[in-house]
Every structure is written in C-alpha cells, then in structure tokens.
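Okay, here's what each chain looks like letter by letter:
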Amino acid sequence: MQSEITNPRITCYKCMRPSSTCICEHISPLKTKTRFIILMHPKEYKKEKSGTGHITNLQLENSEIIVGVDFTNNKRVNDILAKENSSSFLLYPGKDNFNLSIREV
C-alpha cells in the first residue's frame, strides 16, 4: 500500500498566510516617529498568523515583535526601557486601563 503524497501548503513568509490568502498586497506600511514594541507570548506567536500583533507589525514600519513569557530579564526589552530620551507606555486591555489621549501622564 503506497502512501499518498500530499503537496505542502505554500506559505507567504511575510504575512505567514497560505499563498492563496496572502494579504500583503493590501498592507500599506505606515511611517511613524513612535517606536512600537509588541510583546508576544510564544504560544500566541506560533498560532498567530493573521492576528492583530503580526498585522500591526507589518503595518507599522517602526515596530518589532519580541517573543517571551517574562520580560523582566529580556536584554532587548531592558535596552529599550533604559534609553534616556524615551518614554515607554504599556498598551494592554484591563480593568484599570485609561485613554492616553485624554489623561496626563
């Protein structure tokens, strides 16, 4: 009995979607002065192909994804936070969240 040979799904390595549903032609990256760092859990990163984190990273030229669980000792994150002339804000939904555009920091 001969096993059936299956064709592997061809993937776009930019948007990580199957080539048949590639969205790259619809993405117009935006240049921003603000640097966006997207902190992502490894489980989310592995299954996130077309979700908000990955699409946001493709949309914003000045962004990057850092994958981890606890970023306390993450060298890249700590280097970013240690920069003298920068302010950092954590954007995350929660019960104590607030609208940054109407609240003074």
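Residues numbered from 1 in each chain as written. Predicted model: local features only at pLDDT ≥ 70, side-chain atom pairs only at ≥ 80, totals over all residues. Heavy atoms only, no water.

Engineer: Would you mind showing me how to read the overall build of the protein here?
Structural biologist: Looking only at helices and strands, the protein features three helices and two strands. Along its sequence from the N terminus, the protein presents helices and strands in the succession β-α-α-β-α. Looking at the protein as a whole, 21% of its 105 residues qualify as buried. Put simply, 55% of the contacts in the protein that link residues at least 6 apart link residues at least 24 apart. (Helix = DSSP H or I, 4+ residues; strand = E, 2+ residues; numbered from the N terminus. Buried < 20%, exposed > 50% of the residue type's maximum accessible area, 1.4 Å probe, protein only. Contact = heavy atoms within 4.5 Å.)

Engineer: What should I look at first to understand the confidence of the model for the protein in this one?
Structural biologist: Note: predicted coordinates in regions of low pLDDT should not be interpreted at a detailed level. Summing up the model confidence of the protein, the mean pLDDT is 81 and the portion of residues at 70 or higher is 84%. Summarising per-element confidence for the protein, the mean pLDDT is lowest in helix H1 (residues 42–47) (76) and highest in strand E2 (residues 63–67) (92). (pLDDT = per-residue confidence, 0-100.)

Engineer: Where do I start with the pattern of salt bridges in this structure?
Structural biologist: Between side chains of opposite charge, pairing is possible as soon as their charged atoms come close. Applying the stated criterion to the full structure yields three salt bridges. Two residues, Arg76 and Glu64, come together in a salt bridge whose shortest N-O distance is 2.6 Å. Here Arg76 is found in helix H3 (residues 75–82), whereas its partner Glu64 is found in strand E2, with 12 residues between them in sequence. Judged by relative accessible area, Arg76 falls into the partly exposed class, the value being 36%. Asp79 is the partner of Lys75 in a salt bridge, and the nearest nitrogen-oxygen pair spans 2.9 Å. Here Asp79 and Lys75 lie together in helix H3, a separation of four residues that amounts to about one turn. Judged by its relative accessible area of 36%, Asp79 falls in the partly exposed class. (Salt bridge = Lys/Arg side-chain N within 4 Å of Asp/Glu carboxyl O.)

Engineer: Which parts of the structure should I look at to understand the side chain of Glu64?
Structural biologist: By relative accessible area, Glu64 is classed as buried at 18%. For Glu64, the residues in contact, after removing those within four places along its chain, are Arg35, Phe36, Ile37, Ile38, Asn57 and Arg76.

Engineer: Would you mind showing me how to read a nonpolar patch on the surface here?
Structural biologist: Taken together, the side chains of Phe89, Leu91, Phe98 and Leu100 make up a nonpolar region of the molecular surface, amounting to roughly 410 Å² of accessible area. Structurally, Leu100 is set in the segment after H3. (Patch = residues over 30% accessible without salt bridge, like charges linked within 9 Å, V, L, I, M, F, W, Y side chains within 5 Å. Areas by Shrake-Rupley, 256 points an atom, 1.4 Å probe, with all protein chains shown as cover.)

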